[in-house]
Amino acid sequence: MAILLPETTQTSNDALTPRQIVAELDKYVIGQHAAKRAVAIALRNRMRRQKLTPELAEEIAPKNILMIGPTGVGKTEIARRLARLAQSPFLKVEASKFTEVGYVGRDVESMVRDLVELGVDMVREERLEEIRAKAAQNAEDRLLDILLPPPRSIAPDEDSAAAPGRLDARLVEIDVREKSFPSFEIIAGSSVEEVDINLKDMLPGLFQGKSKKRKVKVPEALQYLTQEEEQKLIDMDSVARAAVERVEQAGIIFVDEIDKIAGREGSHGPDVSREGVQRDILPIVEGTTVNTKYGMVRTDHILFIAAGAFHVSKPSDLIPELQGRFPIRVELEPLGRDEFVRILTEPRSALVKQYMALMDTEGITLTFTDGAIHRIADFAQQVNERTENIGARRLATVMEKLLDEISFEGPDLENKIVTIDEAYVTTMLADIVKNEDLSRYIL
């Protein structure tokens, strides 16, 4: 899961105290104060480190965090919101998708390469904001040269009358560079990045694409020329250097499902491979140098947040070296009825607010009574207790089933004012919740 454009907050992230960081996280995640407190301290320590002398800062490693708790209680959301708050490159990976070196599958170094790609996208977007106006002006000048060739003398008022906005239906001929990607097979055991780098070195002209003349309407031509001018104005070497530095100093990698690679002590079979994945992850977390197509990237100061339910295994089943690299451990509490009520209504992107906004696009005024919200929370808790406990994710399935009829009939409804009360919730959900077999398949 990638985050390209961090949300802005009223307070500068450099000035955020741990208490303010927790307050920001409270706007999106209900409860889990211990986990919020841990990540707030980790983020503040990162800010403190940046103010130290380079010699001392180099010695201070980030205090990686291990979150322990069932699915759907907010582990991923806390890490994701923290990254947006810190305006840091953020990557979410599943530990179970990696394989031991020598086996077919993704190698652990790919998480660092993916993070660098996200960092490049983030820095490039920031640079685009700076030069967007200049690129648009240059593109418009080029388009006006095509529409009104320079040899002809143009009066100022005539030039403005021929602005692209008034000539949208006119066709112009421009040179368009086609993207050309040769097909090739990647040999198992080689990384995509290495193959990509080698091919570009050996055949530099193969990836450039050919230019061909196309006749397009003025708006499309202006869009293409603007993109071309943006690429000319952005120094990608500078972007790459800035991205690598940002990843090294402020990157956050969230490793989910780390309990799936924790082998039980004394077991055999596939657990051997799980331990191999742990040993491959260990140097990345400890601090190593990874080769990417943007240069060498050190992982010494990347913050790692690992998470797992640990239903079958326990944190002590991880190899000791890896355990030692996650010194901060926080346990997240299971969510109950009271938390579900707050999740439905309090966060900025609460489910109830989402559905009200969706129905408003159809002209429908959708409202929920307090009794209805409490009843929804009751049903979600009952289904979690009787089937699998998937935490707050259960609310999404319950809400979708509850509003199924309104969502389908919405455009055709004559009465555009709809109130969801306790009786309606009971009518729509009671039978499904009572039938355990139906609950397993529908909710």
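Residues numbered from 1 in each chain as written. Predicted model: local features only at pLDDT ≥ 70, side-chain atom pairs only at ≥ 80, totals over all residues. Heavy atoms only, no water.

(A) Structural context of the packing of aromatic side chains. Per the stated rule, a full pass over the model turns up zero aromatic pairs. Looking at arginine 81, its charged tip hangs above the ring of tyrosine 28, at a distance of 3.9 Å from the centre. (Phe/Tyr/Trp six-rings, centres within 6.5 Å; stacked < 30°, edge-to-face > 60°. Lys NZ or Arg CZ within 6 Å of the ring centre and 35° of its normal.)

(B) View of the sheet that holds strand E5 (residues 252-256). Reading across the sheet, the five strands line up as E2-E5-E8-E1-E9 and stay open at both edges, with parallel pairing between neighbours. Looking along the sheet, the strands with just one partner apiece sit at the ends: strand E2 (90-94) and strand E9 (328-331). For this sheet, the mean angle separating the axes of adjacent strands, direction not counted, is 20°. Pairing analysis gives four bridges linking E5 to strand E8 (residues 303-308), with the strands arranged parallel. Opposite isoleucine 252, over in E8, you have leucine 303 as the bridge partner. Packing against the sheet, helix H5 (residues 110-147) makes contact with E2, E5 and E8, and its axis sits at approximately 150° to E2. (Pairing = 2+ DSSP bridges. Helix = DSSP H or I, 4+ residues; strand = E, 2+ residues; numbered from the N terminus. Axes fitted to C-alpha atoms, helices over the stretch in contact; angles between N-to-C directions. Contact = heavy atoms within 4.5 Å.)

(C) Geometry of the layout of surface pockets. Each pocket or cavity is described by its volume, and for the second largest pocket that value is around 730 Å³. Listed by contribution, the elements that provide at least two residues to the lining of the second largest pocket are helix H4 (75-86), E8, helix H13 (351-360) and helix H15 (393-402). It is H4 that contributes the most residues to the lining of the second largest pocket, five residues altogether. (1 Å grid on protein atoms, 1.4 Å probe; cavity = no way out; pocket = protein on both sides within 12 Å on 5 of 7 lines; lining within 4 Å. Points joined across faces, edges and corners; volume = space filled by probe spheres on them.)

(D) Helix H17 (residues 422-434), seen in detail. In this model H17 runs 17 Å from its N-terminal to its C-terminal C-alpha over 13 residues, within 8% of the 18 Å that 1.5 Å per residue would give. Among all positions of H17, only Val425, Leu429, Ala430, Ile432 and Val433 are buried. (Expected span 1.5 Å × (residues − 1). Buried < 20%, exposed > 50% of the residue type's maximum accessible area, 1.4 Å probe, protein only.)

(E) View of the nonpolar core. Counting residues in each nonpolar core, the largest one holds 62 residues, and the members touching the most others are Ile305, Phe368, Met399 and Ile420. If we skip the residues at most four places from it in the chain, phenylalanine 368 touches Val352, Met356, Ile373, Ile376, Met399, Leu402, Leu403 and Ile420. Membership of the second largest hydrophobic core comes to 42 residues, among which are Leu66, Val112, Ile258 and Val277. (Core = buried A, V, L, I, M, F, W, Y, C linked by side-chain atoms within 4.5 Å.)

(F) Representation of H5 in the model. For H5, with 38 residues, the first-to-last C-alpha span of 48 Å runs short of the 56 Å given by 1.5 Å per residue. A maximum bend of about 55° is found in H5 at isoleucine 131. (Bend = angle between axes of the 7 residues up to and from the residue.)

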